[in-house]
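Below are the chains, spelled out letter by letter.
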Amino acid sequence: MRTKGERAGVEVFECRRCGTALTGPLSRVPFPVYAGIPYGNGVAMPVLMESGTYALGIDLLDPADEGENEGAVLLAPGDAVGTRLIPGRNEGNCCGLDGYGGPNLACAGCGRPVAARIDECSAWQATWLEPDTARRVPAGPPRPVADWASVAGRWRAAALVEADGSRSIRWDVEAAVTLAHLVSAADGAPLALAPGPLAQAFRGLLDQLPPPQTRPARRAALAGPGRPLPRPLPDIAVVPRHPQTGEPWPTPPGVAAAPLAAEYWAALAFHDERELAPATGRLPPGVERDDPLPPHPLYSGYLDRWVFRAVLNRLNGVDDTQDDHR
């Protein structure tokens, strides 16, 4: 068992019965709190986990627990190897596999059911290894942990909308997570969001919540690598959450941290607010303008209430860990 804070190396999961490798080499990352929460109705969902990573459901209970009594192992479907679909286990409510009937993948070596492949609409695409069928085996040293400057640079180009101008599903859920942290840190008081990208991204979401108590507002601003805290210091800082460790960028005493996924924090913190110069001339032949125009890149009209309530409950100490996270 590793000590608290000790970073795991690269690992492979193998079948407990026959030793067949069930995954490629993986590095552990924090468990996404919205992993088991559906999104919308009939929505084609993206893959949840980045290739080459995995997360343990046990993170919801005790992030420092590195024992054998772990939760289900969450990984990208493409990282599952040495498995085959179980005939007749293709249950789903609409468009794909939902895994509610139990494992639908078997070990290619011994045939033991070992995992559930999920690709149903409105569910994140993922593979969940059953905790009692797989074991972790060291496969290499830990991958380097990026420093904060590298994190801000690597994820700076992220967008809050898709290429076609539609909202980003991942932004919707990450915004709901951060909104829960903001509301929890405000402790019932109104929130005064710093003008600019932060207010543009979150004011519309805050307006969908019940009115806060009548008391002095708590000020919130963006801060992080390359974006120092403003003066006077705000009460709450929206800071990046490290994609490898899950730790928020450190804030000074007296300033509460509301973490936001690094790629979306960077999209707000380094948003270019320069006005565009007016265009002259006409469009070339055969080129058509988008109609209607894509939404503003900081569009924030949709509040994922399921994610918001789940995170706020956990921050307030409400025990909902007994829920099925698939």
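Scoring rules and cut-offs
Residues numbered from 1 in each chain as written. Predicted model: local features only at pLDDT ≥ 70, side-chain atom pairs only at ≥ 80, totals over all residues. Heavy atoms only, no water. Helix = DSSP H or I, 4+ residues; strand = E, 2+ residues; numbered from the N terminus. Buried < 20%, exposed > 50% of the residue type's maximum accessible area, 1.4 Å probe, protein only. Phe/Tyr/Trp six-rings, centres within 6.5 Å; stacked < 30°, edge-to-face > 60°. Core = buried A, V, L, I, M, F, W, Y, C linked by side-chain atoms within 4.5 Å. Axes fitted to C-alpha atoms, helices over the stretch in contact; angles between N-to-C directions. Parallel < 35°, antiparallel > 145°, perpendicular 65-115°, else oblique. Contact = heavy atoms within 4.5 Å. Nonpolar A, V, L, I, M, F, W, Y, C, P; charged D, E, K, R; others polar. Pairing = 2+ DSSP bridges. Polar contact = N/O pair within 3.5 Å; in protein donor to acceptor, adjacent residues only side chain to side chain. Salt bridge = Lys/Arg side-chain N within 4 Å of Asp/Glu carboxyl O.

**Some words on unusual backbone geometry**
Then, number 1: Arg-231 connects to Pro-232 through a cis peptide bond whose omega is -5°.
Then, number 2: Within the fold, Pro-232 resides in the loop between strand E11 (218–222) and strand E12 (236–241).
Then, number 3: Of note, Ser-122 is a non-glycine position whose phi angle comes to about 65°, a positive value.
Then, number 4: As for its position among the elements, Ser-122 is in the loop between strand E7 (113–118) and strand E8 (126–129).
Then, number 5: For Asp-187, which is not glycine, the phi dihedral falls at a positive 55°.
Then, number 6: Tracing the backbone through its elements, the reader meets Asp-187 in the loop between helix H2 (169–186) and strand E10 (191–193).
Then, number 7: With a relative accessible area of 54%, Asp-187 lands in the exposed category.

**Considering the packing of aromatic side chains**
Then, number 1: Enumeration according to the criterion identifies 7 aromatic pairs in this entry.
Then, number 2: Centre to centre, the rings of Trp-171 and Tyr-264 are 5.6 Å apart; their planes meet at 55°, and the pair counts as tilted. With Trp-171 in helix H2 and Tyr-264 in helix H4 (residues 262–269), this pair connects stretches of sequence that are 93 residues apart.
Then, number 3: Under the relative-accessibility criterion, Tyr-264 is labelled buried at 6%.

**Re the nonpolar core**
Then, number 1: Trp-171 and Phe-202 are the most contacted members of the largest nonpolar core, which totals 60 residues.
Then, number 2: No other element matches the 11 residues that H2 contributes to this core.
Then, number 3: Counting 15 residues, the second largest nonpolar core, distinct from the first, contains Cys-15, Tyr-54, Leu-56 and Ile-58.

**A look at the packing of H2 against H4**
Then, number 1: Interaxial distance between H2 and H4 falls to 10 Å at its minimum, and their mutual angle equals 90°. With respect to their mutual orientation, H2 and H4 come out roughly perpendicular. Facing H2, whose interface residues are Arg-170, Trp-171 and Glu-174, H4 presents Glu-263, Tyr-264 and Leu-268.
Then, number 2: Classifying every residue of the contact of H2 with H4 gives 3 nonpolar, no polar and 3 charged.

**Structural notes on the sheet that holds E12**
Then, number 1: If you walk across this open sheet you meet the 4 strands as E10-E11-E12-E13, and the pairing is parallel. The sheet terminates laterally at E10 and strand E13 (256–261), the two strands that pair on one side only. Across the sheet, the mean angle from the axis of one strand to that of its neighbour is 35°, orientation sign disregarded.
Then, number 2: Judged from the 6 bridges that link them, E12 and E13 form a sheet pairing that is parallel.

**Section: the sheet that holds strand E6 (residues 105–107)**
Then, number 1: Read from one edge of the open sheet, 7 strands run E2-E3-E4-E8-E7-E6-E5, paired in mixed fashion. The strands lining the two open edges of the sheet, one partner per strand, are strand E2 (27–28) and strand E5 (83–85).
Then, number 2: Sheet topology places E2 next to strand E3 (residues 53–56); 2 bridges connect them, and they run parallel. For Ser-27, the partnering residue across the bridge sits in E3 and is Thr-53.

**Description of helix H3 (residues 197–206)**
Then, number 1: With 7 of 10 residues buried, H3 is to be regarded as a mostly interior element.
Then, number 2: Among all positions in H3, only Pro-197, Leu-198, Ala-199, Ala-201, Phe-202, Leu-205 and Leu-206 are buried.

**Focus: the environment of Thr-245**
Then, number 1: One can find Thr-245 in the loop between E12 and E13.
Then, number 2: Given the relative accessible area of 32%, Thr-245 is considered partly exposed.
Then, number 3: The spacing of Thr-245 and Val-29 is 216 residues in sequence and 6.3 Å in space, taken between C-alpha atoms.
Then, number 4: In this structure the side chain of Thr-245 is engaged in a polar contact, spanning 3.2 Å, whose partner is the backbone nitrogen of Glu-247.

**Considering the pattern of salt bridges**
Then, number 1: The full count for this structure, using the stated rule, is 3 salt bridges.
Then, number 2: In this structure, Arg-241 engages Glu-174 in a salt bridge whose closest nitrogen and oxygen atoms are separated by 3.1 Å. You can see Arg-241 sitting in strand E12 and its partner Glu-174 sitting in helix H2, a full 67 residues away along the chain.
Then, number 3: On the basis of relative accessibility, which here comes to 22%, the residue Arg-241 falls in the partly exposed class.
Then, number 4: Looking at Glu-174, the relative accessible area reads 4%, which means it is buried.
Then, number 5: Measuring nitrogen to oxygen at the nearest pair gives 3.7 Å for the salt bridge that ties Arg-203 to Asp-207.
Then, number 6: Overall, the relative accessible area of 32% leaves Arg-203 in the partly exposed class.

**A closer look at the pairing of E3**
Then, number 1: Both faces of E3 are covered, namely the face carrying Thr-53 and Ala-55 and the face carrying Tyr-54 and Leu-56.
Then, number 2: Of the strand pairs in this sheet, E3 and strand E4 (residues 73–75) are connected by 3 bridges, and their pairing is antiparallel. From the neighbouring strand, Leu-56 faces E4, where its bridge partner is Val-73.

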